[in-house]
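Summary of the model geometry
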Amino acid sequence: MEEVREILESDSMDTMQVNWEALDALVIDFANSERLIADSSAPSSSSSSSSSSYRWRRLICQIRHSIESGNIDSAIDLLRLHAPVVLDDRRLLFCLQKQKFIELLRKGTDEDRDSAINCARTSLATCALDAYPEAYEEFKHVLLAFIYDKDDQMSPVANEWCTKRRCEIAGLLSSVLRSYLHAYDPIFSMTLRYLISIHKGFCLRHGASSPISNLTERLLLEERDPPPVLQESSFEAPPFDEVDIQALAHAVELTRQGAVDSLKFARGDLYKAFQNELCRTRIDVSVLDELVHEYCIFRGILDILHPQEDDILNQHMSPNSTVASENELSENSAHVEGFQINTDTMSDQHAEMEVRYPSVAPALSEDCSTSITCQGADSKVVHRYRNAVAGERGKRKRWRGRDEDLEATLEVFAGTCAHEHNSNACSSCGNTLQNFKKSPLIHNLSQKLDKFEIVLGLNELTRKGMAAKVYEEINFLDPKFFILNPLLLFQLKQAEFFQHVNAGDHTSALKVASSHLGPLAAKDPAFLKPLKETLLVFLRPIQEPISKNLSFDALATSLQVAVGQRLGIEEPHLMKIIRATLHTHTEWFKLQMCKDQFEGLLWISSLKQPGSPLIGDALSNSPNDACTQGSSLVTMSSSNMRIPENGNTKETSSADIGCDENAILKVMEFLALPRADAIHLLVQYNGNAETVIQQIFA
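Quick look at the structure, then. None of these values were measured; they are calculated from a predicted model.

**Some points on the overall build of the chain**
Helices and strands together make up the secondary structure of the chain, namely 35 helices and 6 strands. The buried share of the chain, reckoned over its 698 residues, is 51%. Long-range contacts, defined here as pairs at least 24 residues apart, represent 76% of the contacts in the chain between residues at least 6 apart. With an accessible surface of roughly 32,500 Å², the chain has 51% of that area assigned to carbon and sulfur atoms.

**Focus: the state of the cysteines**
One pass over the full model with this rule turns up 0 disulfides. Free of any disulfide, cysteine 95 has its nearest cysteine sulfur in cysteine 127, 9.9 Å distant.

**Looking at the packing of helix 3 (residues 20-33) against helix 31 (residues 573-592)**
Look at helix 3 against helix 31: their axes get within 12 Å of each other, and the N-to-C directions meet at 115°. Considering only the axes of helix 3 and helix 31, their crossing is right-handed. Residues Trp20, Leu23 and Val27 of helix 3 form the contact with helix 31, whose own contacting residues are Leu574, Met575, Ile578 and Arg579. The class makeup of the residues in the contact of helix 3 with helix 31 is 6 nonpolar, no polar and 1 charged.

**Details of the packing of helix 14 (residues 256-265) against helix 15 (residues 270-280)**
Interaxial distance between helix 14 and helix 15 falls to 8 Å at its minimum, and their mutual angle equals 115°. Between helix 14 and helix 15, the interaxial angle falls into the category roughly perpendicular. For the element pair helix 14 and helix 15, the recorded crossing hand is right-handed. Two secondary-structure elements touch here, helix 14 through Ser262, Leu263 and Phe265 and helix 15 through Leu270, Ala273, Asn276 and Glu277. Residue classes in the contact of helix 14 with helix 15 are distributed as 4 nonpolar, 2 polar and 1 charged.

**Re the pattern of salt bridges**
Applying the stated rule across the entire model yields 39 salt bridges. Between arginine 282 and aspartate 225 there is a salt bridge whose closest N-O contact spans 3.8 Å. Here arginine 282, found in strand 3 (residues 281-283), pairs with aspartate 225, found in the loop between strand 2 (220-224) and helix 13 (242-251); they are 57 residues apart in sequence, far enough to count as distant. A relative accessible area of 28% means that arginine 282 is categorised as partly exposed. Measuring nitrogen to oxygen at the nearest pair gives 2.8 Å for the salt bridge that ties arginine 402 to aspartate 289. Of the two residues, arginine 402 sits in the loop between strand 6 (398-399) and helix 22 (409-414) while aspartate 289 sits in helix 16 (residues 285-298), which places them 113 residues apart along the sequence. What makes arginine 402 partly exposed here is its relative accessible area of 22%. Residues joined by salt bridges that share partners form a network here, namely Glu21, Asp24, Arg299, Arg463 and Asp553.

**Looking at a nonpolar patch on the surface**
Taken together, the side chains of Ile117, Phe146 and Ile147 define a hydrophobic patch exposed on the protein surface, amounting to about 280 Å² of accessible area. With respect to the element layout, phenylalanine 146 can be found in the loop between helix 8 (135-142) and helix 9 (158-161).

**Some words on the packing of aromatic side chains**
Think of a pair of aromatic rings as described by two things: how far the centres are apart, and how the planes are tilted against each other in angle. Applying the stated criterion to the full structure yields 12 aromatic pairs. Taking the centre distance of 5.3 Å and the plane angle of 80° together, the rings of phenylalanine 101 and phenylalanine 146 count as edge-to-face. Taken together, the positions of phenylalanine 101 in helix 6 (residues 90-107) and phenylalanine 146 in the loop between helix 8 and helix 9 put the pair 45 residues apart, joining distant regions of the chain. Since its relative accessible area comes to 36%, phenylalanine 146 is described here as partly exposed. Measuring from ring centre to ring centre gives 5.9 Å for tyrosine 271 and phenylalanine 598, while their planes differ by 85°; the resulting arrangement is edge-to-face. Highlighted residues: tyrosine 271 in helix 15 and phenylalanine 598 in the loop between helix 31 and helix 32 (604-607), separated in sequence by 327 residues. Judged by its relative accessible area of 29%, tyrosine 271 falls in the partly exposed class. A residue is classified by how much of its surface remains accessible, and phenylalanine 598, at 1% relative accessible area, is buried. Seen from the ring of tyrosine 54, arginine 35 lies directly overhead, with NZ or CZ sitting 4.5 Å from the centre. When the ring centre of tyrosine 471 is taken as origin, the NZ or CZ atom of lysine 493, which lies over that ring, is 4.1 Å away.

**Brief notes about the environment of glutamine 246**
Examined against the element boundaries, glutamine 246 turns out to sit in helix 13. The exposure class of glutamine 246 is buried, given its relative accessible area of 6%. Each C-alpha atom of the pair glutamine 246 and glutamate 669 lies 7.7 Å from the other, and the pair is 423 residues apart in sequence. With near-sequence residues (within four places) excluded, glutamine 246 lies in contact with Arg256, Leu665, Met668 and Glu669.

**Points about the environment of arginine 224**
Locating arginine 224 in the fold gives a position in strand 2. Considering only alpha carbons, one finds arginine 224 and leucine 172, 52 residues apart in sequence, at a separation of 9.9 Å. Among the polar contacts listed, one links the side chain of arginine 224 to the backbone oxygen of valine 252, at a separation of 3.3 Å.

Calculation rules
Residues numbered from 1 in each chain as written. Predicted model: local features only at pLDDT ≥ 70, side-chain atom pairs only at ≥ 80, totals over all residues. Heavy atoms only, no water. Helix = DSSP H or I, 4+ residues; strand = E, 2+ residues; numbered from the N terminus. Buried < 20%, exposed > 50% of the residue type's maximum accessible area, 1.4 Å probe, protein only. Contact = heavy atoms within 4.5 Å. Areas by Shrake-Rupley, 256 points an atom, 1.4 Å probe, with all protein chains shown as cover. Disulfide = S-S within 2.5 Å. Axes fitted to C-alpha atoms, helices over the stretch in contact; angles between N-to-C directions. Left-handed = near helix turned anticlockwise from the far one by under 90°. Nonpolar A, V, L, I, M, F, W, Y, C, P; charged D, E, K, R; others polar. Parallel < 35°, antiparallel > 145°, perpendicular 65-115°, else oblique. Salt bridge = Lys/Arg side-chain N within 4 Å of Asp/Glu carboxyl O. Patch = residues over 30% accessible without salt bridge, like charges linked within 9 Å, V, L, I, M, F, W, Y side chains within 5 Å. Phe/Tyr/Trp six-rings, centres within 6.5 Å; stacked < 30°, edge-to-face > 60°. Lys NZ or Arg CZ within 6 Å of the ring centre and 35° of its normal. Polar contact = N/O pair within 3.5 Å; in protein donor to acceptor, adjacent residues only side chain to side chain.

And the structure:
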């Protein structure tokens, strides 16, 4: 127990190596799949499958909404129009007709009562004859709703009157439609569900508290959709491999019989059954969208401001805007949100600042002191970073948000919703524009924008391999930064060293090593070993490239997080969730002594492969020092999945401790135990499954 608590609270969780480039690809795929990003470009033919999946997911949402609101006729009409084969299942049709009968009675008018009688006579009774053996008895039972009031909790039909039945039926139809239409959620959404489920299970099993529980409890809901009903023909399915049954059962927390039924419904396809079960888990999409939005802004994927906010800010910064007085700009020192500005070095820059960034001027006379003092955070600094990311900013997307108007779904299928949405958006934008103009915090918005431009500019310079330039810029901004973050300094100069060696400039490489790496190792012996390994690069053959030692993408994000924290920009919550859940995923499968069969499908293996971490990464002791790794960009689409080949993760095999795989499966099957518990018992009884079972039942 104490060991597990140390795992959850240790720095190893905070310093879990993550390929943030892979996460970028997953997040972008999710945002595109859910139409969260405004993209003016026409959809390509390669995205047709993704567009189709989106339309089907919207249809499922509309059907769910109709049933949950009691509008059964609308749901049946949609099914007949877009998925008539689902209604061929008489059990589902009977379920819908029975709920329609109840909803007509619920309205309470004489006219609706007559409609209910007609429904029972023409639809419900005929469907009950051949739906399933118990259907006719259920039909006669539901007729009691004629004489028992809906508010009578003691009536024999209280369950039929309960509105919770709507949600159950809606969830059941969603599960069936999702599988039939292959309308699975984007990979990122499923990956997050899976990782959080394992994380919560790991913490619950060991009685430990989760450091991210405040986030995961909001994101992952307790409710799950009912499992899809089996077709009659599925009962003739051949026996399944016990390995698949146990893998599915423990991956998504099913009983063994539940896993068998799921495999039957998926016709033996383990990965399809896994996706069916994973998508049954409900997730709060509004919280998920917030996490994605925050992460995309931090990573420079999205513009920081909405289009209307950007227009207002540009208008506010125009030469016609009100500027600060000469007296305000002539002070020897001032503060801009925690940055102490030396105005002696910027006297010739005030005119440009007045014209370009007048919104910052009022803050120059404020005293928002913090423990950070950074030199030279003036308009030229901001302007320089704006120029550094000017090209990248042009590539940034605009956040559109989720269209929650479910009534527009039919127009989506008819292809006519675009114009109406744009009209609504323009009306909404107009209101946003007027409200923003009245906001008294426009100068704070400008300052926030400037800070993001600084960290994104540093990120871009680092990605381009301009290590020396990055060192100068950070020292100019905050002379204390590298004093407080020696590991980042070591990694930055180590990367610069590799650059010089790769270019054949050994003189410059040795100068970097003697000026920076050597003194760091002298101050902290922990740097001595990686310094020696760094110098070994000199002994490599000239023909052998050392580019694999360069990890500027990883270093760029590390510096972005650390500098951002110094500027008051918090690390995105999604990064905390991914780091913590990947860590517990690794620890969980160490206990299982096996490889996760689904990590390739969900791209967990890619998230754990940090491209080419620098040698100094092994020294990381704080979240500020190594919050990011990874350099290889993963391009993928949820509509065109493939399972990547991998396997560089070192895991202890059950065979290493004398446990046969068949024995483990036998104990898991007969005793309904998790894999780790089965292994623990087998170790006690010399790997003999029969002895373990006899001892338990003795």
